[in-house]
Amino acid sequence: MNLQDLPTEVFYLILSKVSSDFIIQEFQYVSKYIYHLCSDELFWKLLSHSKYKNSPKLKSRFQKLNNQEFNENQDNLNIDLNNFNNNNNNNNKNNNNNNLNENNENNYFLDEANIENNYRRILLNYQENSWKFFFIKSSTPRYLVIGSEIEDNRILELKKSLHKMGLKSIDHFNVFGFKSLTVNDLYQYDGILFFSYCGFRQKSIGNILSDYVDSGGGIVIAAYSNCGKGNRLEGRWLEEGYNPFNDGITQRVYKLKMGRKIIPDHPILEGVEKFGGGVNSSHSDSEMSSQSNLIAEWENERPLIVELSTKKSPIIGLNFYPPSNEFDPSSWDKTTDGLKILLNSLKYVVAHSLKINK
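The shown structure was predicted, so the numbers you read here are calculated from the model rather than taken from an experiment.

Enquirer: Can you explain helix α9 (residues 131-138)? Please cite residues and give values.
Expert: With 8 of 8 residues buried, α9 is to be regarded as a mostly interior element. The complete set of buried residues in α9 reads W131, K132, F133, F134, F135, I136, K137 and S138.

Structural data, given as structure tokens:
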């Protein structure tokens, strides 16, 4: 049977089972027939619904459609579209060299060396309000670091460190004082790291992060948001059991180290050989909540890494302050694996929230 003889809906169903990256990079260039079908908005809409079902990103998409807001923030794209727009004429010349013309089916095959250039060209050739643009843009996880600090420096430097470690699409926001967010602001992100050093709108932010979890987003929460009433998340977060820790107060122990790995093969501990808390080793004396699971503990047997998995999306609790002693002299030792713990935690909540949502 020829592909042309299949009902379009059946063909879409077949394509929905094929690797998304393969479709984006190669499969749509196999023949004119597939190329034109893969240029159809309905295909990308169905594929987006299948891949991002119940995810914050899809809800963000619906929100924008409802409000007719199609002006995306170009700075948040993985690919610098401005640079490619400036070189668009050169790209068009390269496309001609690739012989991608409709008169020859065989010319829809891509040379592997040019896949990346063509991938970028695909983005450029589609309007930002198309489902195809949404699907390709969303294929890379997006992360957000939220902190409560008097100044942005530590939040910004932590973001830069995680970017260097491999999180290529990551933003930051400071909620110190009376700054606030809406859950719609968070929908475009797959995973969030939250920590607090100063006061913030505890109930409002707690409610918003709870809504975000309910919408399929993964969260990593760290000190000092579990270290006392002045810094903790409140509202629904506290009242409805989103906190992986019970309430506690800040403890400081000189050069405390990581103790037992309770689940040594847990993905968050991958590549984590040692962790030193630094001069103060600031952490909470709180116990983990009754619904949380212990992944690793401090050598004083207090919880270090815990997971709460009873909500719609996973919540990881880290019982240490995220900026290292590179930015805060009393914080954890930057020569140990604290950054790997943070990186692995964010990747874990994103990967597992996608599984749960599917």
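Now that the structure has been shown, the text picks up again.
Enquirer: Residues and numbers for the pairing of strand β8 (residues 292-298), please.
Expert: Most of β8 sits inside the fold, with 6 of its 7 residues counted as buried. Alignment of β8 against strand β9 (residues 303-308), held across 5 bridges, turns out to be antiparallel. Residue pairing for β9: L294 is matched across the bridge by V306. Counted along the chain from β8 to the antiparallel partner β9, the turn is 4 residues long, and its residue E301 has a positive phi close to 75°.

Enquirer: Describe the pairing of β9, listing the residues and the values that go with them.
Expert: For β9, a buried count of 6 out of 6 residues is recorded, marking the element as mostly surrounded by other parts of the structure. Of the strand pairs in this sheet, β9 and strand β10 (residues 315-318) are connected by 4 bridges, and their pairing is antiparallel. By the bridge assignment for β10, I305 is matched with L318. In sequence, β9 turns back onto β10 through a hairpin of 6 residues.

Enquirer: Summarise the nonpolar core; cite the residues concerned and give the values.
Expert: L162, I305, I316, L318 and F320 are the most contacted members of the largest nonpolar core, which totals 38 residues. Breaking this core down by element, the ones donating at least two residues are β1 (143-148), α10 (153-165), β3 (191-196), β4 (218-222), β8, β9, β10 and α14 (338-357). Broken down by element, this core gets its largest block of residues, 8 residues, from α14. In contact with I305, not counting residues within four places along its chain, are I268, L269, N293, L294, I295, A296, I316, G317, L318 and I341. One finds I146, I205, Y212 and I315 within the second-largest nonpolar core, a separate group that totals 23 residues.

The rules behind these values
- Residues numbered from 1 in each chain as written.
- Predicted model: local features only at pLDDT ≥ 70, side-chain atom pairs only at ≥ 80, totals over all residues.
- Heavy atoms only, no water.
- Buried < 20%, exposed > 50% of the residue type's maximum accessible area, 1.4 Å probe, protein only.
- Helix = DSSP H or I, 4+ residues; strand = E, 2+ residues; numbered from the N terminus.
- Pairing = 2+ DSSP bridges.
- Core = buried A, V, L, I, M, F, W, Y, C linked by side-chain atoms within 4.5 Å.
- Contact = heavy atoms within 4.5 Å.

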